[in-house]
Amino acid sequence: MKVRALEDVVGSNREVDGGNWISRRLLVAEDHMGYSVHDTLIRAGTETKMWYKHHLESVYCIEGEGEVVTASDQRIWPIRKNTLYALDQHDEHVLRAFTDMRMVCVFNPPLQGQEKHDADGTYPVDSKQGNPPLM
Ligand SMILES: CC(=O)NCC[C@H](N)C(=O)O
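Rules and cut-offs
Residues numbered from 1 in each chain as written. Predicted model: local features only at pLDDT ≥ 70, side-chain atom pairs only at ≥ 80, totals over all residues. Heavy atoms only, no water. Helix = DSSP H or I, 4+ residues; strand = E, 2+ residues; numbered from the N terminus. Contact = heavy atoms within 4.5 Å. Near = heavy atom within 4 Å. Polar contact = N/O pair within 3.5 Å; in protein donor to acceptor, adjacent residues only side chain to side chain. Areas by Shrake-Rupley, 256 points an atom, 1.4 Å probe, with all protein chains shown as cover. Pairing = 2+ DSSP bridges. Axes fitted to C-alpha atoms, helices over the stretch in contact; angles between N-to-C directions. Core = buried A, V, L, I, M, F, W, Y, C linked by side-chain atoms within 4.5 Å. Buried < 20%, exposed > 50% of the residue type's maximum accessible area, 1.4 Å probe, protein only. Disulfide = S-S within 2.5 Å. Phe/Tyr/Trp six-rings, centres within 6.5 Å; stacked < 30°, edge-to-face > 60°. Lys NZ or Arg CZ within 6 Å of the ring centre and 35° of its normal.

Visitor: Which parts of the structure should I look at to understand the environment of Phe98?
Guide: Topologically, Phe98 is positioned in the loop between β9 (93–97) and β10 (101–108). For the pair formed by Phe98 and Glu67, sequence separation is 31 residues and the distance between their alpha carbons is 7.9 Å. Each residue touching Phe98, except ones within four places of it in the same chain, is listed here: Ala44, Glu65, Gly66 and Glu67.

Visitor: Help me out: how do you make sense of the site of the ligand in this one?
Guide: Around the ligand sit 15 residues, and of these Ser23, Arg25, His38, Thr40 and Tyr123 come closest. Residue Thr40 places a side-chain N or O atom 2.8 Å away from an oxygen atom belonging to the ligand. Contact with the protein chains covers 100% of the free accessible surface of the ligand, which is 310 Å². Those elements that place two or more of their residues in the shell around the ligand are β2 (21–27), β3 (36–42) and β10.

Visitor: Is there a simple way to explain the sheet that holds strand β1 (residues 15–17) in this structure?
Guide: In sheet architecture, strand pairing relies on hydrogen bonds along the backbone and comes in two forms, parallel and antiparallel. Across the sheet, six strands lie side by side as β1-β2-β3-β10-β5-β8; this open sheet has antiparallel pairing. What marks the edges here is a single partner per strand, and that holds for β1 and β8 (83–87). On average, adjacent strands in this sheet sit at an angle of 20 degrees to one another, irrespective of strand direction. Pairing of β1 with β2, which is carried by three bridges, proceeds in the antiparallel orientation. The partner of Val16 across the bridge, within β2, is Ser23.

Visitor: Is there a simple way to explain the nonpolar core in this structure?
Guide: By size, the foremost hydrophobic cluster in this structure holds 19 residues, and its most contacted members are Ile42, Tyr85, Leu95, Met101 and Met103. Counting only elements with at least two residues in this core, the list comes to β5 (56–63), β8, β9 and β10. A total of four residues in this core trace back to one element, the largest contributor, which is β10.

Visitor: Quick question: what am I supposed to make of the state of the cysteines here?
Guide: Across all of its chains, the model carries zero disulfides by this definition. No disulfide involves Cys61; its sulfur sits 9.9 Å from the nearest other cysteine sulfur, which is in Cys105. Accessibility expressed as a relative area gives 0% for Cys61, which makes it buried.

Visitor: Hey, could you run me through the side chain of Glu67 in this one?
Guide: Along the chain, Glu67 falls in strand β6 (residues 65–70). Within the structure, the side chain of Glu67 is placed 2.5 Å from the side chain of Arg96, a separation counted as a polar contact. Every residue in contact with Glu67, bar those within four places of it in the chain, is listed here: Ile76, Trp77, Pro78, Ile79, Val94, Leu95, Arg96 and Phe98.

Visitor: Hey, could you run me through the packing of aromatic side chains in this one?
Guide: The description of two aromatic rings rests on the distance between their centres and on the angle between their planes. Overall, the coordinates contain three aromatic pairs when judged by the stated rule. A centroid spacing of 5.1 Å and a plane angle of 25 degrees characterise the contact between Tyr52 and Tyr123, whose relative ring orientation is stacked. One end of the pair, Tyr52, is in the loop between β4 (47–50) and β5; the other, Tyr123, is in the segment after β10, and 71 residues separate them in sequence. As far as the burial class goes, Tyr52 and Tyr123 line up, both buried. Following the ring pairs from residue to residue traces out a cluster consisting of Tyr52, Phe107 and Tyr123. Lying over the aromatic face of Trp77, Arg75 brings its terminal NZ or CZ to 3.9 Å of the ring centre.

Shown next as structure tokens:
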């Protein structure tokens, strides 16, 4: 069994600052769980474009308030404490944070641990694991 505390990750190479967010990666690919788990802080007033073409992500908001706009239909999804959103279609989206937000993020396949977004808001595919199927 593994036990990880947030303090184990803060200040290590598993704490990644993406500018609008800071992601503390509690479980990553080398933990061999089949997914990664992150405790992610989103900075108030930011707007972040993301498009996880190679990953499925679920995001559970445990603090704060904001909204997600899905690019395909321009639908606005209010997100606040105790709300989860699942990007089950690899949905291109924008996250607007009205306050500081704290999210628990799960990625399949797992991140290696140091990834930052490219210009599309995408993380690279992990060549060792391949892509999850498009549903
Ligand atoms: C909510 C969200 O997707 N934020 C961007 C960072 C990402 N979730 C991560 O933890 O790497």
